[in-house]
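# Tertiary structure, described
Each chain, written out:
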Amino acid sequence: DARVTQTPRDKVTEMGQEVTMRCQPILGHNTVFWYRQTMMQGLELLAYFRNRAPLDDSGMPKDRFSAEMPDATLATLKIQPSEPRDSAVYFCASAPGQTKPFSYEQYFGPGTRLTVT
Amino acid sequence: GIQVEQSPPDLILQEGANSTLRCNFSDSVNNLQWFHQNPWGQLINLFYIPSGTKQNGRLSATTVATERYSLLYISSSQTTDSGVYFCAGGYTGANSKLTFGKGITLSVRP
């Protein structure tokens, strides 16, 4: 049963600390997305990659957030330094994209619940 | 960018009732999904439906792309249907991005 995995599932940290969230997309999917969900803003796209290349990170605060794909099986989202307003659930999703079977359907991981105190 | 409007924002049903959830888009989309977020926060794929009609058990969905809306039908609702239903759309011409609506909170009472 192919699925997107994310670690950690929960993270509590103090303001100013670095946070790293990891995502393993479904094997063979070439498009990976990072979303953030808060009560106030709902689900927002932060960044996405195709074939490991960043295509759009316009939704991400550039001064403290960074997203990378070191290889096809790992995507990372880092926050440095973290702030209380970063508290949210961060979701990773992957899609087959233009690899066969051709589809843009996104599949979401379970999310990382981040609390910054 | 695309604006996604979902209605109604909240819905309370008695178990066994039917319901229709609506999603309107401000612009043309050719990439459209419906999700159910369960009480544990997991986003479950319901339908990938850029156009046409699909059915899966008690759920079905219809997208009328030319009129920029999609409908999700829930028949014979069950308490396990409770949660938040999101639609999300985009246009794949330039990218694969999805814009999400604010969601519809459904409560099914026994």
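Quantities reported herein were computed from a predicted structural model and do not represent experimental measurements.

Here we come to the overall build of chain A. Scanning chain A from terminus to terminus reveals 0 helices and 11 strands. Ordered by position from the N terminus, the helices and strands of chain A form the series β-β-β-β-β-β-β-β-β-β-β. Over its C-alpha trace chain A gives a radius of gyration of 14 Å, about what one expects of a compact globule, namely 13 Å for 117 residues. In chain A, which comprises 117 residues, the share counted as buried stands at 50%. Once local pairs closer than 6 in sequence are excluded, the contacts in chain A between residues at least 24 apart make up 55%. For chain A, the accessible area works out to roughly 6,000 Å², and carbon and sulfur atoms hold 51% of it. Distance from the positive charge centre (13 side chains) to the negative charge centre (13 side chains) of chain A: 4 Å.

On to the interface of chain A and chain B, then. Taken together, the contacts link 18 residues of chain A with 17 residues of chain B. Both sides together, the interface formed by chain A and chain B hides about 1,500 Å², and carbon and sulfur atoms give 53% of it. Ranking the residues of chain A by area buried against chain B places Leu43(A), Tyr104(A) and Phe108(A) at the top, with a combined share of 36%. For the interface between chain A and chain B, the tally reads 1 salt bridge. Asp56(A) serves as the salt-bridge partner of Lys97(B), at 2.8 Å between the closest nitrogen and oxygen. Of all the secondary-structure elements, those providing two or more residues to the side of chain A that touches chain B are strand E4 (31-38), strand E5 (42-50) and strand E10 (107-108) of chain A. Residue composition of the side of chain A that touches chain B, grouped by class: 10 nonpolar, 5 polar and 3 charged.

Residue and element names in this part refer to chain A. In space, the 4 strands of this open sheet follow the order E1-E3-E8-E7, with antiparallel pairing throughout. Each edge of the sheet is formed by a strand with only one pairing partner; in this case those strands are strand E1 (5-7) and strand E7 (65-71). Put simply, the sheet's adjacent strands are angled 20° from each other on average, direction ignored.

Take the pattern of salt bridges next. All names here are of chain A. Counting across every chain of the model gives 7 salt bridges over all chains. In this structure, Arg36 engages Glu44 in a salt bridge whose closest nitrogen and oxygen atoms are separated by 3.5 Å. The class of Arg36 is buried, set by a relative accessible area of 13%. Classification of Glu44 as partly exposed rests on a relative accessible area of 25%. Of the charged contacts in the structure, one is a salt bridge between Arg85 and Glu83, with a shortest N-O distance of 2.5 Å. A single network of salt bridges, built from pairs that share partners, joins Arg64, Glu83, Arg85 and Asp86.

Each value, and the rule that gives it
- Residues numbered from 1 in each chain as written.
- Chains lettered and ligands numbered in written order.
- Predicted model: local features only at pLDDT ≥ 70, side-chain atom pairs only at ≥ 80, totals over all residues.
- Heavy atoms only, no water.
- Helix = DSSP H or I, 4+ residues; strand = E, 2+ residues; numbered from the N terminus.
- Rg over C-alpha atoms; globule rule 2.2 N^0.38 Å.
- Buried < 20%, exposed > 50% of the residue type's maximum accessible area, 1.4 Å probe, protein only.
- Contact = heavy atoms within 4.5 Å.
- Areas by Shrake-Rupley, 256 points an atom, 1.4 Å probe, with all protein chains shown as cover.
- Lys, Arg positive; Asp, Glu negative; His and termini not counted.
- Charge placed at Lys NZ, Arg CZ, Asp CG, Glu CD.
- Buried area = accessible area lost by both parts, 1.4 Å probe.
- Salt bridge = Lys/Arg side-chain N within 4 Å of Asp/Glu carboxyl O.
- Nonpolar A, V, L, I, M, F, W, Y, C, P; charged D, E, K, R; others polar.
- Pairing = 2+ DSSP bridges.
- Axes fitted to C-alpha atoms, helices over the stretch in contact; angles between N-to-C directions.

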